[in-house]
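Reading the structure
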Amino acid sequence: MPDDHTLLAPAGNDPDRIDMQSDAAVAEWARRMDIDEARLRAAVAAVGDRATDVARHLAGGGAASA
């Protein structure tokens, strides 16, 4: 799992949101999180599109309650 400072949105989008409508963004986030796209899509389905929540979920910590 990458350090939190690497969780920046590509192309200047909201820095903590994963644009699931963009194949390029999905591919970039999957690469940054060192996972495949299917796992990224499953994590987003489970906890939403906030990159920090997805990273926490993938690390086994679940989503943050906001």
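Data block above holds the structure.
All values derive from a computational prediction rather than experimental measurement.

Focus: the nonpolar core
- Residues Ile 18, Trp 29, Met 33, Leu 40 and Val 54 are the most contacted members of the largest nonpolar core, which totals 16 residues.
- Every element with two or more residues in this core is listed here: helix H1 (23–33), helix H2 (37–47) and helix H3 (51–58).
- Residue contributions to this core peak at five residues, all from H1.

Focus on unusual backbone geometry
- The residue Asp 34 is not glycine, and still its phi comes out positive at about 60°.
- In this structure, Asp 34 sits in the loop between H1 and H2.
- Looking at Asp 34, the relative accessible area reads 66%, which means it is exposed.

Quick notes on the packing of H2 against H3
- Running from amino to carboxyl end, H2 crosses H3 at an angle of 105°, the nearest separation of the two axes being 9 Å. Judged by the angle between their axes, H2 and H3 are roughly perpendicular. Facing Arg 39, Leu 40, Ala 43, Val 44, Ala 46 and Val 47 of H2, the residues of H3 in contact are Asp 53, Val 54, His 57 and Leu 58.
- Taken together, the residues that form the contact of H2 with H3 break down as seven nonpolar, one polar and two charged.

Details of the environment of Asp 19
- The residue Asp 19 is located in the segment before H1 in this model.
- What makes Asp 19 partly exposed here is its relative accessible area of 32%.
- With 30 residues separating them along the chain, Asp 19 and Asp 49 place their C-alpha atoms 7.4 Å apart.
- Residues in contact with Asp 19, not counting those within four places in the same chain, are Ala 25 and Val 26.

Let's talk about the pattern of salt bridges
- A full pass over the atoms with the stated rule returns seven salt bridges.
- The salt bridge partner of Asp 49 is Arg 17, with a shortest N-O separation of 2.8 Å. Of this pair, Asp 49 sits in the loop between H2 and H3 while Arg 17 sits in the segment before H1, and the two are 32 residues apart along the sequence.
- For Asp 49, a relative accessible area of 28% corresponds to the partly exposed category.
- Residue classification places Arg 17 among the partly exposed positions, given a relative accessible area of 36%.
- Ionic pairing is found between Arg 56 and Asp 53, a salt bridge with its closest N-O pair at 3.2 Å. With Arg 56 and Asp 53 both in helix H3 and three residues apart, the pair spans about one turn of that helix.
- On the accessibility criterion, Arg 56 (35% relative accessible area) is partly exposed.
- Via salt bridges that share partners, Asp 16, Arg 50, Asp 53 and Arg 56 belong to a single interconnected network.

Procedures and definitions
Residues numbered from 1 in each chain as written. Predicted model: local features only at pLDDT ≥ 70, side-chain atom pairs only at ≥ 80, totals over all residues. Heavy atoms only, no water. Core = buried A, V, L, I, M, F, W, Y, C linked by side-chain atoms within 4.5 Å. Buried < 20%, exposed > 50% of the residue type's maximum accessible area, 1.4 Å probe, protein only. Helix = DSSP H or I, 4+ residues; strand = E, 2+ residues; numbered from the N terminus. Axes fitted to C-alpha atoms, helices over the stretch in contact; angles between N-to-C directions. Parallel < 35°, antiparallel > 145°, perpendicular 65-115°, else oblique. Contact = heavy atoms within 4.5 Å. Nonpolar A, V, L, I, M, F, W, Y, C, P; charged D, E, K, R; others polar. Salt bridge = Lys/Arg side-chain N within 4 Å of Asp/Glu carboxyl O.

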